[in-house]
Structures are given as structure tokens and as C-alpha cells.
Amino acid sequence: MKVNLRDYQDQTIFEAKKKINQGLKRVIVYSPTGSGKGEVAVALTQMALDKGKRVLFVVHRKDLVKQQWERFAKYGMSPGILQGSNTYRPHNDITVASIQTFSSRKKFGWDFDFDLVIIDEAHLCGGSKQYHEFLRTHNNLPVLGLTATPFSKGLEIGRAHV
């Protein structure tokens, strides 16, 4: 089932894709709380899957892993989970991961084979060593950050935002 987007969400996707197609690897989508950033993420994921791409959706809390997994499932998608003892099929075409588990798995040689990364609550990246290491290690991949509060220290807003 495809996501039924509002006009401003369609415009957000158009602008984000345009930035990525221009070669930008780090794009921030900022929109108010409750505006449907999660639905935008699902729609972008569906588009990536239609092109044979694999998507990693990264969050910072266990409850957000569950929330985004349920959002994908609502649209008939079956994401894997990479989150502590709840890890389930972590190499699916879509995987919802906690940054903490991802960081610890990396130490043990976990394979990374995704084409697009979406980070929820991206404003937290600025002050997180785990996110910094993640972004440094995977600097060749497009990363789309979602946030309602983009003007956080360390985020460098202004260069590549939608």
C-alpha cells in the first residue's frame, strides 16, 4: 500500500531527492512535530525499494525502533530490526536500527550493505559520538535526516537543507 501524502509532503520529497541527485550526501528534512515526517520516510523508502535499493532507518531509542517498524508494517512493508536482543532479520531490504546497537555490532565486523540511510531525530547527531562515527564511516552514502528542531549545535544547517 502506497502512502497518501499531502502536497507539502510531496514537495518535501521532491526537494530532498533533488538535493541528493545534485550530489549532496547529507540532507536535512525539517518539519514541525506532527507534520508526517515518518510518512515521508515511508514514501522515500518505498521509492528506494522500487529502484532495488536497501534502506537503513536509524533511531536513538528503543521505543522509536518499535514505532517506525509499526509505521512500515502499516504500509505492508516487513522491515528487519537491529536493536539489542530484539534483533530480527537485520539484513532485510529495510532495517530499523538503534544507533547504539549498530555502533556495537560494527565492532564485531557487522556487514553494512545499505544504499540509503534515514536518521530520525537528526538534531541529536550533532552531540553524539556514535552518530559522528557512523556518518564518518559511511560518508559515501546519502543520508536523510528528519527533525522538527534542526538548529542544534553541530548540525551545520544551511548547506544542505530542504
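About the cut-offs
Along each chain, residue indices are assigned from 1 in the same order as the chain's sequence is written. Local features in this predicted model are restricted to residues of pLDDT 70 or higher, and side-chain atom pairs are both shown and tallied only at a pLDDT of 80 or more, whereas totals for entire chains, interfaces and linings draw on every residue. Water and hydrogen atoms play no part in the side-chain values, which are based on all heavy atoms of the structure. Axis geometry follows a simple rule: fit a line to the C-alpha atoms, using only the stretch in contact for helices, then measure angles between N-to-C directions, giving values from 0 to 180 degrees. In this text, helices come from DSSP runs of H or I with a minimum length of four residues, and strands from runs of E with a minimum of two, each type numbered from the N-terminal end. The scheme is simple: roughly parallel for angles under 35 degrees, roughly antiparallel for over 145, roughly perpendicular for 65 to 115, oblique for anything else. With the far helix as reference, a near helix turned anticlockwise by less than a right angle produces a left-handed crossing, and one turned clockwise produces a right-handed crossing. By the convention used here, residues are in contact when the closest approach between their heavy atoms is within 4.5 Å. Amino acids are sorted into nonpolar (Ala, Val, Leu, Ile, Met, Phe, Trp, Tyr, Cys and Pro), charged (Asp, Glu, Lys and Arg) and polar (every other residue, Gly among them). We define a nonpolar core as any set of buried Ala, Val, Leu, Ile, Met, Phe, Trp, Tyr and Cys residues linked to one another through side-chain atoms lying within 4.5 Å. For every residue, the accessible area obtained with a 1.4 Å probe (protein chains only) is divided by the maximum for its type, and the residue is called buried under 20%, exposed over 50%, and partly exposed between those limits.

(A) Geometry of the packing of helix α2 (residues 37-50) against helix α3 (residues 62-74). Orientation of α2 relative to α3, taken along the N-to-C sense of each, is 55°, at an axis distance of 10 Å. Classified by the interaxial angle, the pair formed by α2 and α3 is oblique. Here α2 and α3 pass one another in a crossing that is right-handed. On α3, the residues touching G38, E39, A41, V42 and T45 of α2 are Q68, R71, F72 and K74. Of the residues contributing to the contact of α2 with α3, the split by class is three nonpolar, three polar and three charged.

(B) Inspection of the nonpolar core at higher detail. Ranked by size, the top nonpolar core spans 27 residues in total, and within it F57, F72, I118 and L144 carry the most contacts. For this core, the elements supplying multiple residues, two or more each, are α1 (7-21), β1 (26-30), α2, β2 (55-59), α3, β4 (94-98), β5 (116-119) and β6 (143-147). Ranked by residues supplied to this core, first place goes to α2 with six residues. Excluding its chain neighbours within four sequence positions, the residues that come into contact with F57 are A41, Q68, F72, T95, V96, A97, I118, D120 and L146.

(C) Here's a closer look at the side chain of T45. Turning to its location among the elements, T45 is positioned in helix α2. A relative accessible area of 0% places T45 in the buried class. Ignoring any residue separated from it by four or fewer positions in sequence, one finds T45 in contact with V55, F72, M77, I94 and I118.

(D) Representation of the packing of α1 against α2 within the structure. The interhelical angle for the contact between α1 and α2, taken along N-to-C directions, is 50°, at an axis separation of 10 Å. The orientation of α1 relative to α2 falls into the category oblique. In this structure, α1 meets α2 at a crossing whose hand is right-handed. For the pair α1 and α2, contact is made by Q9, T12, I13 and K17 and by E39, V40, A43, L44 and M47, respectively. Of the residues in the contact of α1 with α2, the class split is five nonpolar, two polar and two charged.

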